[in-house]
Amino acid sequence: MTSAAIAPPTRRRRRWRDDLAGALFVIPAGVYILFFFGYPIVKNLTMSFQEYTTKTFFTGEAPWVGLQNYVTAISSNLFWPAMANTMLFTLGSLAGQFVIGLALALFFQKRFPLGTIMRALLLLPWLLPLIVASATWRSILDQDSGILNQFLTAIGLDAVPWLTSPDVALAAVILVNIWVGIPFNVTLLYGGLQDIPGELYEAASLDGATGWKSFWHITLPNLRPVIGVTLVLGVVYTLKVLDVILGLTGGGPANATQTIAIRSYQTSFIEFEFGVGAAFSNILILVSLVFALIYLRSTRKPVDE
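Model, not experiment: these values are computed from the prediction.

### What about the overall build of the protein chain?
Okay, step 1: Looking only at helices and strands, the protein chain has 14 helices and zero strands in total.
Okay, step 2: A principal-axis box enclosing the C-alpha atoms of the protein chain has dimensions of 85 × 70 × 35 Å.
Okay, step 3: Residue burial in the protein chain is summarised as follows: out of 305 residues, 36% are buried.
Okay, step 4: Within the protein chain, contacts between residues separated by at least 24 positions form 66% of all contacts whose residues are at least 6 apart in sequence.
Okay, step 5: Split by element, the accessible area of the protein chain, about 18500 Å² in all, is 69% carbon and sulfur.
Okay, step 6: Here the protein chain holds 19 positive side-chain charges and 17 negative ones, and the gap between their average locations is 15 Å.

What follows is the structure in structure tokens.
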């Protein structure tokens, strides 16, 4: 038998072994994802169609109620104010994080002494546990003893009730969340800037396109895919923010910072209506998916081109 006749089966066996080896590497990650992500999602979806309360833990009974939990969630007095706060919180946080993040990414693109150290220090807000960051900012924004109000009174201005006034609390929470999210935006946008060929800027400078012209005609078009990913991830992350609001205001004062995420938490773990709480969270997931699909669809053609 010739070697040519033996070669194809040998290659098939080698390919089969390679596929098996690859599967063995993927299977543990797949099991982890299914167990720690897939099961909670399915369980949460199932709970939203059941009357799941503290009694269920003792009796094991969770009667099927269909869409009643969703009706209860949507018809509650706090649903639409919480939805409006969620949208304002998301849009305000996203706008501030992106604009400041892009400005800092462009700034750090230039080489200067200690630039690497400053970029590393910029990651600190991202690395801190959110509840720790919230506690720190709560002390900073305290109306009586906070350092920010002490500074304002020192320069002759009135102290601001950052966390105790319904008119100001949401803005204060948004500002803190902007501070938390800036490093994430800087990291992604700075990485995207590094992938833009320097030759494009050199060619543009020969044609007189510098400064804002090069930014609009070179930086933004080449950065569009990274901007899309940054904004979509930012929306999905910001919609479900809980730690920052919980640590600063707990949804108050007078429900001024109540969001769907906070409503889901309070309904589940304070009122112990787990089915209704699951319905709130699933509504939030649906809003995230709808926004992501709309945004990706609207930017697909420019990215592909």
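Let's pick the thread back up.
### Focus on the packing of aromatic side chains
Okay, step 1: What the rule picks out here adds up to 14 aromatic pairs.
Okay, step 2: Each ring, one from phenylalanine 57 and one from phenylalanine 274, has its centre 5.6 Å from the other, and the planes form 85 degrees; the classification is edge-to-face. With phenylalanine 57 in helix α2 (residues 54-59) and phenylalanine 274 in helix α14 (residues 274-304), this residue pair connects regions lying 217 residues apart in the sequence.
Okay, step 3: Under the relative-accessibility criterion, phenylalanine 274 is labelled buried at 11%.
Okay, step 4: An angle of 70 degrees between the planes, with centres 5.6 Å apart, marks the rings of tryptophan 137 and tryptophan 179 as edge-to-face. Note that tryptophan 137 is positioned in helix α7 (residues 130-140) and tryptophan 179 in helix α9 (residues 169-194), a separation of 42 residues in sequence.

### Notes on the side chain of asparagine 69
Okay, step 1: Inspection of the secondary structure puts asparagine 69 in helix α3 (residues 68-75).
Okay, step 2: Given a relative accessible area of 8%, asparagine 69 falls into the buried group.
Okay, step 3: A distance of 2.9 Å separates a polar atom in the side chain of asparagine 69 from the backbone oxygen of serine 48.

### So, the pattern of salt bridges
Okay, step 1: Enumeration according to the criterion identifies one salt bridge in this entry.
Okay, step 2: The partner of glutamate 271 in a salt bridge is arginine 263, and the shortest N-O contact between them spans 3.0 Å.

### Digging into the nonpolar core
Okay, step 1: In terms of nonpolar packing, the biggest core is built from 33 residues, with Leu189, Ile227 and Ile260 touching the most fellow members.
Okay, step 2: Those elements that provide at least two residues to this core are α3, α4 (79-109), α9, α11 (212-239), α13 (260-269) and α14.
Okay, step 3: If near-sequence neighbours (up to four positions away) are discounted, leucine 189 is found in contact with Phe98, Gly101, Leu102, Ala105, Leu223, Val226, Ile227 and Thr230.
Okay, step 4: Core analysis: the next-biggest nonpolar cluster, separate from the first, contains 20 residues, Leu163, Leu170, Ile174 and Ile182 among them.

### Notes on the packing of α9 against α11
Okay, step 1: The contact between α9 and α11 brings their axes to 10 Å, and the two run at 150 degrees. For the pair α9 and α11, the sense of crossing is right-handed. When α9 is examined against α11, the residues Asn177, Val180, Phe184, Asn185, Leu188, Leu189, Gly192 and Leu193 are found in contact with a partner set consisting of Thr219, Leu223, Val226, Ile227, Thr230, Leu233, Tyr237 and Thr238.
Okay, step 2: Classifying every residue of the contact of α9 with α11 by side-chain character gives 10 nonpolar, six polar and no charged.

### Some words on the side chain of threonine 257
Okay, step 1: Secondary-structure assignment places threonine 257 in the loop between α12 (243-248) and α13.
Okay, step 2: A relative accessible area of 1% places threonine 257 in the buried class.
Okay, step 3: Within the structure, the side chain of threonine 257 is placed 2.6 Å from the backbone oxygen of glycine 252, a separation counted as a polar contact.
Okay, step 4: What threonine 257 contacts, discounting residues up to four positions off in sequence, is Asn85, Ala169, Leu170, Val173, Ile245, Thr249, Gly251 and Gly252.

### Considerations on unusual backbone geometry
Okay, step 1: Going from glycine 252 to proline 253, the amide bond is cis rather than trans, its omega being -5 degrees.
Okay, step 2: In this structure, proline 253 sits in the loop between α12 and α13.
Okay, step 3: Here asparagine 255, not a glycine, exhibits a phi torsion of approximately 60 degrees, which is positive.
Okay, step 4: With respect to the helices and strands, asparagine 255 occurs in the loop between α12 and α13.

### Regarding the environment of tryptophan 179
Okay, step 1: Judged by its relative accessible area of 30%, tryptophan 179 is partly exposed.
Okay, step 2: For the pair tryptophan 179 and alanine 133, spaced 46 residues apart in the sequence, the C-alpha separation amounts to 9.7 Å.
Okay, step 3: Excluding anything up to four places from it in sequence, tryptophan 179 contacts Pro125, Leu128, Ala133 and Trp137.

### Here's the deal with a nonpolar patch on the surface
Okay, step 1: Residues Phe107, Leu114, Ile117, Met118, Leu121, Leu124, Trp126 and Leu127 make up a contiguous nonpolar surface patch of roughly 830 Å² in combined accessible area.
Okay, step 2: Looking at the nonpolar patch, the elements with two or more residues in it are α5 (115-122) and α6 (124-127).
Okay, step 3: Residue position: methionine 118 is located in helix α5.

### Here we look at the confidence of the model for the protein chain
Okay, step 1: The predicted model of the protein chain averages 85 in pLDDT, with 93% of residues at 70 or higher.
Okay, step 2: Here helix α10 (residues 198-206) is the element of the protein chain with the lowest mean pLDDT, 75, and α3 is the one with the highest, 93.

### Details of the environment of aspartate 158
Okay, step 1: Tracing the backbone shows aspartate 158 in the loop between α8 (147-154) and α9.
Okay, step 2: A relative accessible area of 67% means that aspartate 158 is categorised as exposed.
Okay, step 3: A sequence separation of 106 residues divides aspartate 158 from tyrosine 52, and the C-alpha atoms of the two residues are 49 Å apart.

Scoring rules and cut-offs
Residues numbered from 1 in each chain as written. Predicted model: local features only at pLDDT ≥ 70, side-chain atom pairs only at ≥ 80, totals over all residues. Heavy atoms only, no water. Helix = DSSP H or I, 4+ residues; strand = E, 2+ residues; numbered from the N terminus. Buried < 20%, exposed > 50% of the residue type's maximum accessible area, 1.4 Å probe, protein only. Contact = heavy atoms within 4.5 Å. Areas by Shrake-Rupley, 256 points an atom, 1.4 Å probe, with all protein chains shown as cover. Lys, Arg positive; Asp, Glu negative; His and termini not counted. Charge placed at Lys NZ, Arg CZ, Asp CG, Glu CD. Phe/Tyr/Trp six-rings, centres within 6.5 Å; stacked < 30°, edge-to-face > 60°. Polar contact = N/O pair within 3.5 Å; in protein donor to acceptor, adjacent residues only side chain to side chain. Salt bridge = Lys/Arg side-chain N within 4 Å of Asp/Glu carboxyl O. Core = buried A, V, L, I, M, F, W, Y, C linked by side-chain atoms within 4.5 Å. Axes fitted to C-alpha atoms, helices over the stretch in contact; angles between N-to-C directions. Left-handed = near helix turned anticlockwise from the far one by under 90°. Nonpolar A, V, L, I, M, F, W, Y, C, P; charged D, E, K, R; others polar. Patch = residues over 30% accessible without salt bridge, like charges linked within 9 Å, V, L, I, M, F, W, Y side chains within 5 Å. pLDDT = per-residue confidence, 0-100.

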